[in-house]
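Spelled out from the first residue to the last, the chains are:
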Amino acid sequence: MSWFVSTLQAYPEIAIFLALGIGYWIGGKSFKGFSLGAVTSTLLVAIVIGILGVKISANVKAVFFLMFLFAVGYGVGPQFVRGIAKDGLPQALFAVIMALLSLGAAILAATLAGYDLGSAAGLFAGSQTISASMGLATDAINRLGRSPEETQALLNGMPIAYAVTYIFGTVGSAIILAQLGPKLLRIDLPAACKEYEQMLGAGRITDGAPQWHDFELRAYSVAPQSPFIGRTVGEIEAGTREGVRAFVERIRRDGKIIDADRNTVIEAGDAVAIGGKRDQLIARLGPSGREIEDAELLDIKTEGVDIYISSKTVDGKRLEELARWPGARGVFLKAIRRGPTETPIPVLPKTQLYRGDVITVVGRTQDINAAAKELGYVDRPTNVTDVAFVALAITVGAMIGAIVLEVGGIPLTVSTAGGALIAGIVFGWFRAVHPTFGRIPEPALWFMNSVGLNVFIAVVGISAGPGFVAGLQKLGISLFLWGIFATALPLILGMFIAKYVFRFHPALLLGICAGSRTTTAALGMVCEAAKSQVPGLGYTVTYAVGNTLLTIWGMFVIMILS
């Protein structure tokens with residue numbers, strides 16, 4: 001044991017990986033649906049390691065925290081800008097109010113309890129489940145100009161308060177929104193979601209498909225007296241009833257196979273391959289004596305790909321409008337994902353697409369490529385990250401954030417961490433508009449988000465280890481109770497404000513509240529209680545705004561209380 005401890009003390013970099021390894025392992029376990037998560041588990045393990053006397057340079061956490069904050073901003077950028085500038089404005093405004101309530105509740109609790117600045121920042125971060133705020137709070141404490149001993153004491157108190165209040169911050173938020181919320185607001189959540197789905201066109205035939213194999217090809221011979229002879233493919237396809245989408249993909253004519261387009265004219269003796277959703281083909285064509293078996297004709301190369309929406313023309317358009325676009329010919333929509341949390345969005349006729357959305361489609365390769373030109377670009381899997389873009393963007397943001405302005409003798413700055421976050425938002429939005437550079441594959445973005453934050457948390461925990469036990473003895477059970485107060489008060493007030501002031505639709509209301517508090521666990525429980533993905537429609541804009549403000553509030557807690 002003594003060799004183990006001395007090795008960690010001599011090589012502190014090993015301690016970081018040890019904290020990450022055990023933290024992620026414990027965080028991945030769950031008991032009756034509850035899990036500590038990687039962040040809290042890593043923090044607790046790091047504190048135990050820190051008690052052994054391991055010391056790590058603060059520069060390590062600064063590097064990884066900049067990487068993490070840039071990734072956060074990059075992920076929320078498109079939704080943040082859209083929420084501020086367009087039809088998400090009421091939701092964005094509500095997220096600002098919820099963020100102010102969260103800040104006020106934490107400051108009130110810390111003031112009434114008489115906590116120091118570090119404990120107050122940790123109470124805010126844990127009760128509002130916003131780990132990233134501790135980074136900006138750390139910067140703010142370091143700029144107070146206090147003695148090294150006093151500064152370290154404040155920094156040591158932060159992870160203690162965070163660890164104690166985080167558990168109810170996570171579990172309590174989910175319970176309040178998913179179980180208590182509908183009762184307090186007298187909402188029949190499943191019925192409200194069904195009503196909203198009807199508003200979006202549920203019950204009509206749509207492009208939504210639960211499985212890939214819902215797209216099917218069938219071959220038919222054209223009857224000698226068919227009314228389709230002499231008509232173009234475009235005319236025939238336009239004649240299908242509303243909501244039904246079927247396309248003539250290929251034609252066998254005189255023994256040769258040709259690819260059909262809208263201008264191709266059907267001739268007597270043709271055999272045609274018709275593609276569409278299986279249920280629609282059966283409803284429209286049914287069993288037919290004209291159906292034939294032609295393996296070569298039906299041997300059409302199809303694929304399922306993701307398309308990143310970046311077109312300004314498409315932004316805000318409904319699916320029922322886009323289905324009639326010439327560029328949508330032969331393309332069938334399977335799924336829509338929105339925002340950094342990849343929130344699933346219901347695929348219904350009146351569902352709107354926005355820049356930054358990722359849609360999954362299936363169809364012929366040439367049809368998908370044609371659709372992608374109008375929608376954005378095909379987001380085919382790649383493992384290459386534009387590292388030059390990432391590094392220079394973080395540099396620019398951090399350099400701007402490092403600028404300090406003196407106003408009335410008070411130094412004001414967003415700090416290098418805040419600058420990295422803002423740079424991520426700006427460049428993330430810019431990539432949504434011009435997706436020709438700045439590529440960060442999803443696994444790489446996850447690494448920057450998750451590992452970047454947890455290395456920071458590990459260093460914080462290791463540094464705070466020596467004073468953790470004494471701090472916990474000093475604050476005791478009262479800290480946990482004040483955490484409940486700081487978690488519950490803004491959520492309960494926010495739900496009533498959302499219903500009676502903003503008058504959000506009941507189906508979206510709880511998702512909007514969950515997004516404003518950036519609690520994905522609560523959204524999952526709300527969707528489960530609703531038996532619908534509709535609450536997710538209110539999550540993305542508010543998540544983007546709330547995540548940004550709650551992170552910055554870590555600095556404001558210190559500024560206000562100091």
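Before reading on, note that the structure itself is shown above.
Quick look at the structure, then. What you are looking at is a predicted structure, and each value in this text was computed from that prediction instead of being measured.

1. Some words on the environment of E296
Relative to the helices and strands, E296 is located in the loop between strand 5 (291-292) and strand 6 (302-309). Sequence-wise, E296 and R252 are 44 residues apart; in three dimensions their C-alpha atoms are separated by 9.4 Å. With residues near it in sequence (within four places) discarded, E296 still touches R250, R252 and I257. Engagement of the side chain of E296 in a polar contact is seen with the side chain of R252, the distance being 3.0 Å.

2. Quick word on the pairing of strand 7 (residues 331-338)
Pairing of strand 7 with strand 9 (residues 358-364) involves 6 bridges; the strand directions are antiparallel. In the strand pairing of strand 9, F332 is matched with V362. Pairing of strand 7 with strand 8 (residues 343-345), which is carried by 3 bridges, proceeds in the antiparallel orientation. Bridge assignment links R337 to a residue of strand 8, and that residue is P344.

3. Here we look at the environment of V48
You can see V48 is positioned in helix 3 (residues 37-51). Distance from V48 to A19, taken between C-alpha atoms, is 9.1 Å for residues 29 residues apart in sequence.

4. Things to note about helix 18 (residues 520-530)
Burial in helix 18 covers these residues: A522, L523, V526, C527 and A530. Projection of helix 18 onto a plane perpendicular to its axis shows the buried side chains occupying an angular sector of 135 degrees, all on one side. Lining the buried residues of helix 18 we find helix 8 (148-185), helix 9 (189-199), strand 8 and helix 17 (506-516). Immediately beyond the C-terminal end of helix 18, within one or two residues, lies K531, with a positive phi of roughly 55 degrees.

Rules and cut-offs
- Residues numbered from 1 in each chain as written.
- Predicted model: local features only at pLDDT ≥ 70, side-chain atom pairs only at ≥ 80, totals over all residues.
- Heavy atoms only, no water.
- Helix = DSSP H or I, 4+ residues; strand = E, 2+ residues; numbered from the N terminus.
- Contact = heavy atoms within 4.5 Å.
- Polar contact = N/O pair within 3.5 Å; in protein donor to acceptor, adjacent residues only side chain to side chain.
- Pairing = 2+ DSSP bridges.
- Buried < 20%, exposed > 50% of the residue type's maximum accessible area, 1.4 Å probe, protein only.
- Arc of directions from axis to C-beta.

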